[in-house]
Amino acid sequence: MAPRRDFYEVLGVGRRATADEIQRAYRKIARENHPDVNKDPAAEDRFKEAAEAYDVLSDPNTRSRYDAFGPDFRQVPEDMDPETWRQARAGGGRGGGGGSRSPYQQSGRPGPEFDFDMDDLFSQMFGGQGRPGQGRQGRGRMAGADQEAEITLSVEEAYRGGRRSITMGGKRLDVNIPAGVADGQRIRLAGQGGQGAGGGAAGDLYLIVRIAPHRRYRLDGRDISVDLLLTPWEAALGTDAAVDTPGGEAKVKVRPGTSSGKRLRLKGRGMPNPKGGPGDLYAEVKIMVPPSPTDDERRLFEELARVSTFDPRRAR
């Protein structure tokens, strides 16, 4: 299995990037690689990879732990000191001593040396229980594996969040969906993964969110687009029109002379964001004509055609 890429590298930002820089980088990648717009088979993998990186780096707490412990941060105990962890990962005992070999020793590359036995170190750190996942005598206890599964949500469910029950492996689980959850984001269910052995703790279950295509709403990161259908006279004369949003009906002001394709922005009416500002909603104007004009409608359209000098093919 190929090693997982550094999350900063995935988003193309430096390790000192601000929260806004991280968000902009993620949104750019998400727009370019979303499965709805990019049919390249590799695009979905890039989209998922960026979503996971953003999920970690957009949260100050998980970003801090990622910076301290790297890709292993989910397996590191909450009270672990970063320096102790680095020593434990790098050490292996200068004099042999039966201790575990460090990654440097296993690869044959030169690396730092520490004059202690790894089993002794873990025994001290975990109250005489040896390595994490081992029993009191350092044998037989093994933590369960983390597992992943997908959960599909509608746009409305992702917008509102809330409790949802799912069945995994014949077991019913209650899931707390955060409001504004993004496509590709992971929801952690602690202790719901693989079972441990020898009294070891169960692993965690990570639910990868998939937001189903919607007949009305189109997502671009946290921005939402929706069609706004107008009559020719509403577009020509202007109006206040109602527009549906996942959070309920909103009003948008249509200026006189609005043409099809115009995008009217409703700031902050897009997907919520528990880690920052919400997205925006864009009402995209589409001018509709009567499919079967009445006699009066046809007469008025004919009169308009006779008196109007407007030619859209020459107005550009």
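What counts, and at which threshold
- Residues numbered from 1 in each chain as written.
- Predicted model: local features only at pLDDT ≥ 70, side-chain atom pairs only at ≥ 80, totals over all residues.
- Heavy atoms only, no water.
- Helix = DSSP H or I, 4+ residues; strand = E, 2+ residues; numbered from the N terminus.
- Buried < 20%, exposed > 50% of the residue type's maximum accessible area, 1.4 Å probe, protein only.
- Contact = heavy atoms within 4.5 Å.
- Areas by Shrake-Rupley, 256 points an atom, 1.4 Å probe, with all protein chains shown as cover.
- Polar contact = N/O pair within 3.5 Å; in protein donor to acceptor, adjacent residues only side chain to side chain.
- Pairing = 2+ DSSP bridges.
- Patch = residues over 30% accessible without salt bridge, like charges linked within 9 Å, V, L, I, M, F, W, Y side chains within 5 Å.
- Salt bridge = Lys/Arg side-chain N within 4 Å of Asp/Glu carboxyl O.
- Axes fitted to C-alpha atoms, helices over the stretch in contact; angles between N-to-C directions.
- Expected span 1.5 Å × (residues − 1).
- Core = buried A, V, L, I, M, F, W, Y, C linked by side-chain atoms within 4.5 Å.

Caption draft 1: Spotlight on the overall build of the protein. The helix and strand tally for the protein stands at 10 helices and 11 strands. When burial is assessed residue by residue, the protein has 35% of its 316 residues classed as buried. For the protein, the share of sequence-separated contacts (at least 6 apart) that also reach a separation of at least 24 residues comes to 48%. Split by element, the accessible area of the protein, about 19200 Å² in all, is 48% carbon and sulfur.

Caption draft 2: Structural view of the side chain of Arg65. Take Arg65: it is sitting in helix α4 (residues 60-69). The class for Arg65 is buried, based on a relative accessible area of 16%. Polar contacts involving the side chain of Arg65 include one to the main-chain carbonyl oxygen of Phe73, which spans 2.9 Å.

Caption draft 3: Looking closely at the pairing of strand β2 (residues 162-168). Where β2 and strand β3 (residues 171-177) come together, 7 bridges link them in antiparallel fashion. Across the sheet, Arg164 pairs through a bridge with Val175, a residue of β3. What sits between the antiparallel neighbours β2 and β3 is a turn of 2 residues, in which Gly169 has the positive phi angle 60°.

Caption draft 4: Up close: a nonpolar patch on the surface. Together, Trp233, Leu237, Phe301, Leu304 and Val307 make up an exposed nonpolar region whose accessible area comes to about 510 Å². Residue assignment for the nonpolar patch shows that the elements contributing at least two residues are α9 (232-237) and α10 (295-307). Counting residues per element, the nonpolar patch draws most heavily on α10, at 3 residues. With respect to the helices, strands and loops of the structure, Trp233 is situated in helix α9. Residue class for Trp233 comes out partly exposed when judged on its relative accessible area of 42%.

Caption draft 5: Representation of the sheet that holds strand β4 (residues 186-189). In space, the 3 strands of this open sheet follow the order β1-β5-β4, with mixed pairing throughout. Single-partner strands in this sheet number two, and they are β1 (147-153) and β4. The sheet shows a mean angle of 30° between the axes of neighbouring strands, direction not considered.

Caption draft 6: Up close: helix α3 (residues 41-57). Under the 1.5 Å per step criterion, the end-to-end length of α3 is 25 Å for 17 residues, consistent within 8% with the ideal 24 Å. Those residues of α3 lying buried are Ala43, Phe47, Ala50, Ala51, Glu52, Ala53, Tyr54, Asp55, Val56 and Leu57. At its buried positions, α3 is contacted by α1 (7-11), α2 (19-33), α4 and β4. Measuring from the side-chain oxygen of the N-cap residue of α3 to the backbone nitrogen of Ala42 gives 3.0 Å; that N-cap residue is Asp40.

Caption draft 7: Structural context of the pairing of strand β10 (residues 263-266). Side chains Leu264 and Leu266 of β10 all project onto a buried face; the interleaved residues Arg263 and Arg265 project onto a face where none is buried. Here β10 pairs with strand β11 (residues 281-287) via 4 bridges, running antiparallel. Residue pairing for β11: Arg263 is matched across the bridge by Glu284.

Caption draft 8: Just the sheet that holds strand β6 (residues 218-220), in detail. As summarised here, the arrangement of the 4 strands in space is β6-β7-β11-β10, forming an open sheet in which the pairing is mixed. Unpaired on one side and paired on the other, β6 and β10 mark the two borders of the sheet. Averaged over all pairs of adjacent strands, the angle between strand axes in this sheet comes to 30°, irrespective of strand direction. Where β6 meets strand β7 (residues 223-230), 3 bridges bridge the pair, whose relative direction is antiparallel. Paired with Asp220 across the strands is Asp223, a residue of β7.

Caption draft 9: Layout of the nonpolar core. Core analysis: the largest hydrophobic core is formed by 34 residues, its most contacted members being Leu207, Leu228 and Val243. In this structure Leu228 touches Ala241, Ala242, Val243, Val252, Val254, Leu264, Ala283, Glu284, Val285 and Lys286, once residues within four positions along its chain are discounted. Listed in part, the 25 residues of the second largest apolar core include Ile22, Ala50, Phe73 and Ala182.

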